Amino acid sequence: MTETELAYAKVNISLDIVSKMADGYHYMKMVMQTVSLADEVTVECVPGEGISVESGLPFLPRDKRNIAAKAAIAFFKNQGITGYKTKINIKKNIPVCAGLGGGSVDGACVLRILNKMFGAKLEVKELEEIGLEIGSDVPFCIEGGTKFVEGRGEILTNLMPMPKCHIVICKPPINCSTPVLFNRIKCDKIRSRPDTAGIIVALEQGDLGGVARRMYNVFEDVLTKESRAVMDIKNRMQDKAALGTVMTGSGPSVIGIFDDEADALCAFEHLRKRYKECYLTQTTERLEYS
Ligand code: C5P
């Protein structure tokens, strides 16, 4: 049995950190969105045993340390399925360690594929619960679309879809470690926060400018040496008529929202001269489950 599906990248329209919880994780409030930049995930299951992941990227693990493999193992355990050799092939288009949920979207995609392939008929909520075992962003990535995400990442509320727009994504050639950034955050000392409630109202009103103006990510506050490249990209996007810009996830990628396709293309072409990893995308809708 073989199935292929697209795994759409996620971006943060906002990211706020409310508190540190007893288990060490942080209580988050985020507006998240999927975009058209996607990996292509193929899962093949034949009688036998073992699990392998091929991505063409030598630095990504090929065994059960890979989040896509973890997703398959969690699904089989949940369903009590044994006796299959599973090969996962990922055509990676989403840059890794970029704040775009690259691993999480692949893991969520494997769960969707296996649910279909084995006729398990698990509800979205059940897939989200399995997803949370393998990563905080995985539950959102099961359905994607436009959602308000709270808690560790498991409290999900569908929002009005983002008005039609163009999203330019640019990843500077630097690394931001997620645990290091979380460690730098002192919840009671955060100076600026996104207007999350205002973003949700603007979405309800179909007011793209209102959404874009209110975007913010509290990790932007605690950038040190990474700040220069992030600010440079934000400035360049704003010079090219972005309605708003924000760093996504724990970075370092920055997104710019454009209502005009020609402006988005112009920003993309301009950024591409300086930064290798640039993408011109559109929002994608929540996946429909039958
Ligand atoms: O859940 P995930 O493996 O994606 O999280 C990676 C790291 O990010 C965690 O080990 C933790 O340090 C941090 N994290 C957190 N609070 C969250 C999500 C992630 O502190 N809500």
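Residues numbered from 1 in each chain as written. Predicted model: local features only at pLDDT ≥ 70, side-chain atom pairs only at ≥ 80, totals over all residues. Heavy atoms only, no water.

Visitor: Can you tell me about helix α8 (residues 227-239), naming the residues and giving the values?
Guide: For α8, spanning 13 residues, the distance from its first C-alpha to its last is 18 Å, which sits close to the expected 18 Å at 1.5 Å a residue. Within the span of α8, buried status applies to Ala229, Val230, Asp232, Ile233, Lys234 and Met237. Packing partners of the buried residues in α8 comprise β7 (166-171), β9 (244-247), β10 (254-258) and α9 (261-272). Downstream of α8 by a residue or two, Ala241 has a phi angle that is positive, lying close to 75 degrees. (Helix = DSSP H or I, 4+ residues; strand = E, 2+ residues; numbered from the N terminus. Expected span 1.5 Å × (residues − 1). Buried < 20%, exposed > 50% of the residue type's maximum accessible area, 1.4 Å probe, protein only. Contact = heavy atoms within 4.5 Å.)

Visitor: Hey, could you go over the domain arrangement of the chain for me, with residue numbers and the actual values?
Guide: Looking at the chain, the domain boundaries give domain 1 (2-158) and domain 2 (166-282). Domain 1 and domain 2 are separated by 23 Å when their C-alpha centres are compared. Every contact between the two is made by 27 residues of domain 1 and, on the other side, 34 residues of domain 2. In this assembly, domain 1 packs against domain 2 so that about 2,200 Å² is buried in total across both faces, 68% of it on carbon and sulfur atoms. When the area that domain 1 buries against domain 2 is broken down by residue, the three leading residues are Ile13, Leu15 and Ile17, summing to 25%. Counting across the interface, domain 1 meets domain 2 through one salt bridge. Across the pair Arg193 and Asp16 runs a salt bridge whose closest N-O atoms are separated by 2.6 Å. Inspection of the region where domain 1 meets domain 2 yields 10 residue pairs in polar contact (both at pLDDT 80 or more). For the side of domain 1 that touches domain 2, the secondary structure elements donating two or more residues are β1 (2-20), β2 (26-47) and β5 (146-151). Here the side of domain 1 that touches domain 2 gets 11 residues from one element, more than from any other, and that element is β1. Of the residues that constitute the side of domain 1 that touches domain 2, the class distribution is 15 nonpolar, nine polar and three charged. (Domains from an automatic or database assignment. Buried area = accessible area lost by both parts, 1.4 Å probe. Salt bridge = Lys/Arg side-chain N within 4 Å of Asp/Glu carboxyl O. Polar contact = N/O pair within 3.5 Å; in protein donor to acceptor, adjacent residues only side chain to side chain. Nonpolar A, V, L, I, M, F, W, Y, C, P; charged D, E, K, R; others polar.)

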